[in-house]
Amino acid sequence: MLKKSLLIGFLIIATLHLIYGGIYEDYYYLKEKLTEMKVIGEIIPCSTKYFANVSWPSGATATLGNILSPSEVREKPTVVWPYNPKKQYLVLFTDMDDVYNADPIMKEFQLWFVYDIPGIDMSKGKEEYQYILPDFRNKYHRVSVIVMQQREQVNMSQSIFGVGARHNWTALELMYEFGGSLHAANVFVVKPE
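Residues numbered from 1 in each chain as written. Predicted model: local features only at pLDDT ≥ 70, side-chain atom pairs only at ≥ 80, totals over all residues. Heavy atoms only, no water.

Caption draft 1: Structural view of the confidence of the model for the protein chain. Here the protein chain averages 80 in pLDDT, while 74% of its residues score no lower than 70. Within the model, pLDDT remains below 50 along residues 9-24, and this stretch shows 22 contacts once partners closer than five positions in the same chain are excluded. (pLDDT = per-residue confidence, 0-100. Contact = heavy atoms within 4.5 Å.)

Caption draft 2: Just the nonpolar core, in detail. Residues Trp56, Val79, Trp81, Phe93 and Phe188 are the most contacted members of the largest nonpolar core, which totals 27 residues. Elements that contribute at least two residues to this core include exactly strand 6 (88-95), strand 7 (109-118), strand 9 (141-149) and strand 10 (181-190). With sequence-adjacent residues up to four places away left out, Phe93 is seen in contact with Val54, Pro77, Val79, Phe109, Gln110, Leu111, Trp112, Tyr131, Val143, Ser144, Val145 and Phe188. Within the second largest apolar cluster, 26 residues are counted, among which are Met96, Val154, Trp169 and Val187. (Core = buried A, V, L, I, M, F, W, Y, C linked by side-chain atoms within 4.5 Å. Buried < 20%, exposed > 50% of the residue type's maximum accessible area, 1.4 Å probe, protein only. Helix = DSSP H or I, 4+ residues; strand = E, 2+ residues; numbered from the N terminus.)

Caption draft 3: Quick look at the pattern of salt bridges. Overall, the coordinates contain five salt bridges when judged by the stated rule. One salt bridge in this structure joins Lys126 and Asp116, with 3.3 Å as the shortest N-O distance. On the criterion of sequence distance, the pair formed by Lys126 in strand 8 (residues 126-129) and Asp116 in strand 7 is long-range, its members being 10 residues apart. Between Asp121 and Lys124 there is a salt bridge whose closest N-O contact spans 3.7 Å. With relative accessibility at 29%, the residue Asp121 sits in the partly exposed group. The exposure class of Lys124 is exposed, given its relative accessible area of 58%. (Salt bridge = Lys/Arg side-chain N within 4 Å of Asp/Glu carboxyl O.)

Caption draft 4: Looking closely at the pairing of strand 10. The buried fraction of strand 10 is high, at nine of 10 residues. Inspection of the sheet shows strand 4 (residues 67-68) paired to strand 10 by two bridges, in the parallel sense. Looking at strand 10, one finds that Leu68 is bridged to Val190. The pairing of strand 9 with strand 10 spans nine bridges and is antiparallel. Across the sheet, the residue bridging to Val143 is Phe188, located in strand 10. (Pairing = 2+ DSSP bridges.)

Here is the structure:
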């Protein structure tokens, strides 16, 4: 009976990991891909333990550096990650190749920013910046997807991040002020058709 219960428990956990991302099957592969795409180093200081599943209504999915077209990622995506229902999270999509700014600090352009997300229900979070696509004057754009677990609710009125500027600040600064800890990540490339 105990063996059967353990087997059922394992199957449930394995299924949830497949559906909701779970600990990425190979942490070292996740870290390697985030480093290769320069998410680690340019956007965040270290790897996350979890993979953020990102999918669009077009059927496209982000898979650690794959190339997607603007038409595939035009609509707002669904983002799913392993979560604690008692915690709040924030999600940040950052264009790592903003054409207007050669300065590494100014290079990040925030494409989407949602905070105070209870669990993974992004519809209940607060959207500071609506989802937009990168400016395609450049050949391609790496887009990092960062999920942070918040320490507490965000008071945007007292923050430099709530003044409407999608640039002039970095994901790392956001993490230090609100994020508490890195939780999940992904990266994809948008290339003009």
